Amino acid sequence: MSTMTLLRCYVRNIHRVSRRWMKYSYLQNAQRCLSTPSKWHGLWEPNDLKLEPDVPEYETINIQMKGYDYPILESYAKFVHNAMDKMIEVDNDAWPMPSKSTQVRLFHPRSTNVSEKYDIQEFERIVSVDDVPSTKIPLIVHLLQKHVPGGVKVSLKEPNEEEDSQRYVPDYSILELKAQKDFLESGKLSSAKKKKS
């Protein structure tokens, strides 16, 4: 017999099969696959089953960017802030740090006379990211390394109090008032001790 005749016989036999036999074979398959839900039996799951695993999270991570070219650093800080907000989908906040100036002096050959002076400003931006899952840290590092421009240093670190205190410019009038208050309080304490003795 040729292949065409076998195919024709097979098609004829399919039409002859009753619906009752098809239902019976469906029930046998349903009993074999107990994990698949059907209208005859349900899928049993324990009550204390956790479908999603617990992913550890970092409470806060600071992305610190430093550079000498202000427009490039500002543009990159804006890119990082938008990427954390839209691509990685984590809460973030960005702020500038006060710039640090460094004086560089060039001397004449074989003398101590200064030929030129340069004042170099180092600018710094910080993007703080909150509640970052540990699975997204490699994505963030890869994104930062791939798009970092030349002359910009990037580092990820946990926040510390020293950097947070450098964030704010001190108000000298408040510091003077606190010093006067401490002076008056120390004067009152010393005069009270003299009266007792």
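Please read all numbers here as calculations on a predicted model, not as lab measurements.

Enquirer: Would you mind going over the side chain of N92 with me for this structure?
Expert: Residue position: N92 is located in strand β2 (residues 91-107). Using a relative accessible area of 17% as the deciding quantity, one classes N92 as buried. Within the structure, N92 has its side chain in polar contact with the backbone oxygen of H81 (distance 3.1 Å). Dropping the residues within four chain positions of it, N92 is found in contact with H81, M84, D85, V127, S128 and V129.

Enquirer: Which parts of the structure should I look at to understand the packing of aromatic side chains?
Expert: Note on aromatic pairs: each is described by the distance of the centres and the angle between the planes. Scanning the model with the defined rule gives two aromatic pairs in all. Seen in terms of ring centroids, Y70 and F123 are 5.2 Å apart; in terms of plane orientation they differ by 65°. Their pairing is edge-to-face. Taken together, the residues span a long stretch of sequence, with Y70 in helix α3 (residues 70-86) and F123 in strand β3 (residues 114-133) at a distance of 53 residues. We classify Y70 as partly exposed; its relative accessible area is 39%.

Enquirer: I keep staring at unusual backbone geometry and nothing clicks. Help me out?
Expert: Excluding glycine, residues mostly have negative phi values, and the peptide bonds linking residues are mostly trans. Here E89, not a glycine, exhibits a phi torsion of approximately 60°, which is positive. Tracing the backbone shows E89 in the loop between α3 and β2. Residue class for E89 comes out exposed when judged on its relative accessible area of 59%. Unlike most non-glycine residues, D131 shows phi in positive territory, near 50°. Structurally, the position occupied by D131 is in strand β3.

Parameters at a glance
- Residues numbered from 1 in each chain as written.
- Predicted model: local features only at pLDDT ≥ 70, side-chain atom pairs only at ≥ 80, totals over all residues.
- Heavy atoms only, no water.
- Helix = DSSP H or I, 4+ residues; strand = E, 2+ residues; numbered from the N terminus.
- Buried < 20%, exposed > 50% of the residue type's maximum accessible area, 1.4 Å probe, protein only.
- Polar contact = N/O pair within 3.5 Å; in protein donor to acceptor, adjacent residues only side chain to side chain.
- Contact = heavy atoms within 4.5 Å.
- Phe/Tyr/Trp six-rings, centres within 6.5 Å; stacked < 30°, edge-to-face > 60°.

These figures capture arrangement, not role.
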